[in-house]
Amino acid sequence: MALPSIGLGRDEIFDRLDRMKANDVRWRDGHAFTLAYSAGADVVAVAEEAYRRFSTENALNTDAFPSLRTLQADVVGIVGDWLQAGPDGAGFMTSGGTESLLMAVKGARERGRKERGVTTPNVVLPTSAHAAFEKGCYYFGLESRRVPVGDDWKADVDAMAAAVDDDTVLVVGSAPQYPQGVIDPIPGIAAIAAERDINCHVDACMGGVTLTYLRRLGHDIPPWNFEVPGVTSISVDLHKYGYTAKGASVIMHRSKQLRSYQTFLTDNWLGGFYGSSGVLGTKSGGPMGAAWAVLHHLGEDGYLRVTAAARKACEQLTAAIDATPELVVRARPEATLLAVGAADPSSLDVFAVADALWRRGWYVDRQGPPPSLHFTVNAVHEGKIDVFVADLHAAIAEVTAAASAGDQGAYGTVE
Ligand SMILES: *Cc1c(COP(=O)(O)O)cnc(C)c1O
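Residues numbered from 1 in each chain as written. Predicted model: local features only at pLDDT ≥ 70, side-chain atom pairs only at ≥ 80, totals over all residues. Heavy atoms only, no water.

### Remarks on the overall build of the protein chain
Worth spelling out the cut-off: Secondary structure elements are defined from DSSP: runs of H or I of at least 4 residues count as helices, runs of E of at least 2 residues count as strands, and each element is numbered from the N terminus. Computation of the radius of gyration draws on C-alpha atoms alone. For the globule rule, the value is 2.2 Å times the number of residues to the power 0.38. Each residue's exposure class comes from its accessible area (1.4 Å probe, protein chains only) as a fraction of the maximum for that residue type: buried when under 20%, exposed when over 50%, partly exposed otherwise. For this analysis, residues touch if any pair of their heavy atoms sits within 4.5 Å. For this count, His and the chain ends are skipped, Lys and Arg are scored as positive, and Asp and Glu as negative. The atoms used to mark charge sites are NZ of Lys, CZ of Arg, CG of Asp and CD of Glu.
Helices and strands together make up the secondary structure of the protein chain, namely 12 helices and 13 strands. Expected size for 415 residues packed as a compact globule is a radius of gyration near 22 Å; at 22 Å, the protein chain falls within 12% of this value. C-alpha extents for the protein chain along the principal axes are approximately 65 × 65 × 45 Å. With 415 residues in all, the protein chain has 50% of them scored as buried. For the protein chain, the share of sequence-separated contacts (at least 6 apart) that also reach a separation of at least 24 residues comes to 71%. Computed over 37 positive and 50 negative side-chain charges, the separation of the two mean positions in the protein chain equals 4 Å.

Following this line, the structure appears as structure tokens:
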């Protein structure tokens, strides 16, 4: 498509944009079990309005935009409280979970190099740890040592300890891990790091908000944050269960000293001193404004309410799957993520079920191995589970009758 020779008017622009969205998943009314989150139209509206006010402000230099320094400091402070970071805790906002994990990997590499002279660094992590760690190892030249998870899908601490050597700069656990939604044994993993004085990152991109508030609601949540000795950094995505606009995550370090390995400084060009906290240079203030606004709009009572709603919807969905003979739950959800497989994979292709659900307007994630459907249940699904389950049963009946095979799909796509 070529640039119009004469610019279009506003109405035409927004008309065209709206028409382009016609076939997108309707996440605002709960039809997406992945990728998009909503704590209600009012919260989305606050996020969008705050985003608009800061969208062109640039966090590359907060001398020019002190408002962004304040927004970031406030947001990081709130997340630090959630994570039980002590007074030395120090963090940054990033563009998302991926950038947070890239920075965890980069920071560990720098620390290993500066403090111990490690030149061929490796990362020891369970097979369940997020794909972004793989990206980080690839980008920054570290070896990724994947260790199989146990029968309960959780990290196998003894096997991880056995995979660690003098070149290991980072061990990883997730709270919860994405694929099956269970919480890794963080104290065991962190103890490996503490013993060798190396980094331990807890990927709480999904669970950082949820686990904090489930515990405050009285659920029995195993220790996973900075209360665990040996944990050096934690990532929390605010654009997931923080219910803010896309482009907002926080990486918290146990201390400013540990955080210093994340940043980049140079004066080796003709443009003067240049420093940045993460991957980006120019950085929109939009996500910071939206995150600040949503955190303050929801408040403590709001997060208790939306976390309870998400958990209840997840429990309802889990119970409905348990009552569906064609399907099995891979693991009891420990937060709000649920993975589901076929009871008999030779007679039911779960990816075909996902195709049939999409024809009915529902978007669910597909993953494997083993072939599974994945549900990121959030507050938007409150009151929606019954309708979904009716369509799920219809989809299973349709696929079984036609003996269909489905497309494997992908959690992330390239174009
Ligand atoms: C979503 C997620 C990530 C990656 O975050 P993005 O925001 O998609 O870049 C990393 N780890 C976990 C556990 C996640 O759920």
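### Section: the site of the ligand
Condition: Throughout, near means a residue has at least one heavy atom within 4 Å of the molecule or strand. We define a polar contact as two N or O atoms separated by no more than 3.5 Å, with the added condition that, inside protein, one atom must be a possible hydrogen donor and the other a possible acceptor, whereas residues neighbouring each other in sequence contribute only through side-chain atom pairs. The method behind every accessible area is Shrake-Rupley, applied with a 1.4 Å probe, and residues are considered shielded solely by the protein chains displayed.
The immediate surroundings of the ligand are formed by 13 residues, with Thr98, Asp203, Met206, His239 and Lys240 found nearest. Contacts to the ligand include threonine 98, whose side-chain N or O atom sits 2.5 Å from an oxygen atom. For the ligand, an oxygen atom lies 2.8 Å from a polar atom in the side chain of histidine 239. Look at the ligand: alone it shows 380 Å² of surface, and the protein chains cover 88% of it. Residue contributions to the shell around the ligand peak at three residues, all from helix H4 (residues 97-116).

### Re the domain arrangement of the protein chain
Keep this limit in mind: Note that domain bounds follow an automatic or database assignment of domains. Note on terms: buried area is the combined drop in 1.4 Å-probe accessible area of two parts once they are placed together, counting the loss on both. Any carboxyl oxygen of Asp or Glu within 4 Å of a side-chain nitrogen of Lys or Arg constitutes a salt bridge here.
Structurally, the protein chain comprises domain 1 (47-295) and domain 2 (300-402). With 26 residues of domain 1 in contact, the opposing surface of domain 2 contributes 26 residues. Together, the buried faces of domain 1 and domain 2 total about 2,100 Å²; carbon and sulfur atoms form 62% of this surface. The interface formed by domain 1 and domain 2 includes two salt bridges. Notably, a salt bridge pairs glutamate 300 with arginine 216, separated by 2.8 Å at the nearest N-O pair. Counting across the interface, domain 1 meets domain 2 through 13 residue pairs in polar contact (both at pLDDT 80 or more). Taken together, the elements giving at least two residues each to the side of domain 1 that touches domain 2 come down to helix H8 (207-216) and helix H10 (286-322). Top element by residues in the side of domain 1 that touches domain 2 is H8. It accounts for six residues.

### Notes on empty space enclosed by the protein
So the rule is basically this: Think of a 1 Å grid over just the protein atoms. A cavity is a set of points where a 1.4 Å probe fits yet cannot get out, a pocket is an open set with protein on both sides within 12 Å along at least five of seven lines, and lining residues have an atom within 4 Å of a point. Grid points are joined across faces, edges and corners, and a volume is the space filled by probe spheres set on the points. In the scheme used here, Gly and all other residues not listed as nonpolar or charged are polar, with Ala, Val, Leu, Ile, Met, Phe, Trp, Tyr, Cys and Pro taken as nonpolar and Asp, Glu, Lys and Arg as charged.
One pass over the full model with this rule turns up two cavities of 30 Å³ or more. Considered as a void within the structure, the largest cavity measures approximately 60 Å³ in volume. What lines the largest cavity is simply Ala108, Arg111, Gly112, Glu115, Arg116, Val169, Asp197, Ile198 and Asn199. For the lining of the largest cavity, the leading source of residues is H4, giving five residues. Here the lining of the largest cavity is built from residues that sort into three nonpolar, two polar and four charged.

### Section: the environment of serine 235
Tracing the backbone shows serine 235 in strand S6 (residues 233-237). It is 9.9 Å that separates the C-alpha atoms of serine 235 and phenylalanine 92, two residues lying 143 residues apart in sequence. Within polar-contact distance, the side chain of serine 235 engages the side chain of aspartate 203 at 3.3 Å.

### Brief notes about the sheet that holds strand S5 (residues 199-203)
Convention followed: Strands were regarded as paired on the criterion that DSSP finds at least two bridges between them. Angles shown run from 0 to 180 degrees and are taken between the N-to-C directions of axes, each axis being a line fitted to C-alpha atoms and, for helices, limited to the stretch in contact.
As summarised here, the arrangement of the seven strands in space is S1-S7-S6-S5-S4-S2-S3, forming an open sheet in which the pairing is mixed. The sheet is open, and its two borders are formed by strand S1 (90-94) and strand S3 (143-147), each paired with just one other strand. Taken pair by pair, the neighbouring strands of this sheet meet at an average axis angle of 20°, ignoring direction. Sheet topology places S6 next to strand S7 (residues 249-253); five bridges connect them, and they run antiparallel. Bridge pairing in S7 places isoleucine 234 opposite methionine 252. Along the sheet, H4 contacts S1, strand S4 (168-174), S5, S6 and S7; its crossing angle with S4, the most-contacted strand, is approximately 150°.

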